[in-house]
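Spelled out from the first residue to the last, the chains are:
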Amino acid sequence: PAEALYKKSVLVQRGSFRPLTHVNIDMMENALAQFIQEDAVKGTEVFPLMEITLANLLANGDLNLQDFLARVDILMALGYSVLISNYVEFYRLNSYFANYTKNPIGIAMGIKNIRDIFQEEYYKDLEGGIMESFGKLFSKNVRLYVYPELCADGKTLIKIQNFKAPDALEHLFGFLLDRKHIVGIKGFNKDYLTIFSRDVLVMIGVGSTDWFNMVPPTVAKLICERGYFDWPKEAKQQVT
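What you see is a predicted model; the values in this text were computed from it and never measured.

Trainee: Explain the pairing of strand β1 (residues 8-14) residue by residue, including any values.
Mentor: With seven of seven residues buried, β1 is to be regarded as a mostly interior element. Alternating residues of β1 divide into Lys-8, Val-10, Val-12 and Arg-14 and Ser-9, Leu-11 and Gln-13, and every residue in both groups is buried. Here seven bridges tie β1 to strand β2 (residues 45-53), and the two strands are oriented parallel to one another. Each bridged residue has a counterpart across the sheet, and for Leu-11 the counterpart in β2 is Pro-48.

Spelled out as structure tokens, the structure:
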């Protein structure tokens, strides 16, 4: 990490990537387009990074090594570096990067992540609670880039500008928004907002081909050729 991160501006996206979909790529590419335009980032080397936390890897019980390696293989096939961490809280991820670089840190995430960050019980084991965590997360060189979410009605779009923080934290959220510690991702593809990895995973498991247009072609090819994520062996040759 010292060699990879030293004196670089880092943009990281956390996810399970099970599997990686168009949403992940759209989030990263549009966040990156904004990140490189920041005054503090211009003139520095930018390092895009995909991160998987052990909390995601172990979400369904014991670690499935083949499943994990499939995710890493796919991310690397698309040219991304991969970080595996044991940091559940985002502020710990930021502290880790601070050990290796003083340049700006960008974190790309979805609305769901923002909801988690603004839940006080998320920090029940931290002595200073949510205020201590925010002090560590929102240092002067950190900015969150937030991807929108389409509600279940298929019509209502939740962006960071109309996100509703818990009442007790509403003023704090407004402060962070005004100071641009939290910004919305622009230029996103609205057609991708109906894609969910969990749905893709189910389709893969039953041998359906409906997921082919929900992931980049390289991802579909690797899953089918190598039988990743329980893609049926007899269906491997259905994608070219």
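Trainee: A description of the packing of helix α5 (residues 90-98) against helix α7 (residues 129-137) should follow, citing residues and the corresponding values.
Mentor: How two helices pack is summed up by the angle between their axes together with the distance between the axes. Here α5 crosses α7 at 35°, and the two axes come no closer than 8 Å. Note that α5 runs across α7; the crossing there is left-handed. Where α5 approaches α7, its residues Phe-90, Tyr-91 and Asn-94 are matched on the opposing element by Ser-133, Lys-136 and Leu-137. Looking at the contact of α5 with α7 residue by residue, the classes come out as three nonpolar, two polar and one charged.

Trainee: Tell me about the layout of surface pockets, and please be specific about residues and values.
Mentor: The volume enclosed by the second largest pocket comes to roughly 310 Å³. Only β5 (142-147) and β8 (182-184) provide two or more residues apiece to the lining of the second largest pocket. Across the lining of the second largest pocket, the residue classes break down as nine nonpolar, four polar and five charged.

Trainee: Tell me what's going on with the pattern of salt bridges, and back it up with residues and numbers.
Mentor: Side chains that differ in charge, positive against negative, can pair when their charged atoms come close. With the rule as written, the count across this model stands at 13 salt bridges. The partner of Glu-149 in a salt bridge is Arg-115, and the shortest N-O contact between them spans 2.7 Å. On the criterion of sequence distance, the pair formed by Glu-149 in strand β6 (residues 149-150) and Arg-115 in helix α6 (residues 111-117) is long-range, its members being 34 residues apart. Its relative accessible area of 23% is what places Glu-149 among the partly exposed residues.

Trainee: If you had to explain empty space enclosed by the protein to someone new, which residues and values would you point to?
Mentor: Rolled over the atoms, a probe as big as a water molecule pinpoints where empty space is left. Per the counting criterion, the structure on display carries one cavity of 30 Å³ or more. The wall of the largest cavity is formed by Glu-89, Phe-90, Tyr-91, Ile-117, Tyr-123, Ser-133, Phe-134 and Leu-137. Of all the elements, α7 adds the most residues to the lining of the largest cavity, at three residues. Its residues assigned to classes, the lining of the largest cavity comprises six nonpolar, one polar and one charged.

Trainee: An account of the packing of aromatic side chains is needed here, citing residue identities and associated values.
Mentor: Going through the model one piece at a time under the given rule, you end up with 14 aromatic pairs. Centre to centre, the rings of Tyr-87 and Tyr-96 are 5.8 Å apart; their planes meet at 50°, and the pair counts as tilted. Ring geometry for Trp-211 versus Trp-231: centroids 5.4 Å apart, planes at 75°, classification edge-to-face. Placement of Trp-211 in the loop between α9 (197-205) and α10 (217-226) and of Trp-231 in the segment after α10 is noted, with a sequence separation of 20 residues between them. Side by side, Trp-211 and Trp-231 carry an identical accessibility label, which is buried. What links up through ring pairs into an aromatic cluster is the set Phe-118, Tyr-123, Phe-134, Phe-138, Phe-163 and Phe-173. A cation over a ring is seen here: Arg-14 above Phe-90, with NZ or CZ 4.6 Å from the ring centre. The ring centre of Phe-196 lies 4.5 Å from the NZ or CZ of Arg-198, which sits over that ring.

Cut-offs and rules
- All residue numbers refer to position in the chain's written sequence, counted from 1.
- In keeping with the model being predicted, local features are shown solely for residues with a pLDDT of at least 70 and side-chain atom pairs are shown and tallied solely at 80 or more, while totals for entire chains, interfaces and linings include all residues.
- The side-chain quantities take in all heavy atoms of the structure and omit both hydrogens and water.
- We call a residue buried when its accessible area falls under 20% of the maximum for its residue type, exposed when it is over 50%, and partly exposed in between, using a 1.4 Å probe and counting protein chains only.
- Secondary structure is summarised from DSSP: a helix means a run of H or I of at least four residues, a strand means a run of E of at least two, and numbering begins at the N terminus for each.
- Two strands pair under a simple rule: DSSP has to find at least two bridges between them.
- Axes here refer to lines fitted to C-alpha atoms; in helices the fit is confined to the stretch in contact. Angles between the N-to-C directions go from 0 to 180 degrees.
- The handedness criterion is simple: a crossing whose near helix is rotated anticlockwise from the far helix by less than a right angle is left-handed, and one whose near helix is rotated clockwise is right-handed.
- A contact between two residues is defined here by any heavy atoms of the two lying within 4.5 Å.
- For this scheme, ten residues count as nonpolar: Ala, Val, Leu, Ile, Met, Phe, Trp, Tyr, Cys and Pro. Four count as charged, namely Asp, Glu, Lys and Arg, and the remainder, Gly too, count as polar.
- A pocket, in this scheme, is an open set of points on a 1 Å grid over the protein atoms alone with protein on both sides within 12 Å along at least 5 of 7 lines, while a cavity is a set where a 1.4 Å probe fits but cannot get out; residues line either one if an atom lies within 4 Å of a point.
- Grid points are joined across faces, edges and corners, and a volume is the space filled by probe spheres set on the points.
- The salt bridge definition used is simple: a Lys or Arg side-chain nitrogen within 4 Å of an Asp or Glu carboxyl oxygen.
- Here the aromatic set is Phe, Tyr and Trp, taking the six-membered ring for Trp, and pairing holds for ring centres within 6.5 Å; pairs whose planes are under 30 degrees apart are stacked, those over 60 apart are edge-to-face, and all others are tilted.
- As a reminder, the over-ring test applies to NZ of lysine and CZ of arginine, requiring each to be within 6 Å of the ring centre and within 35 degrees of the ring normal.

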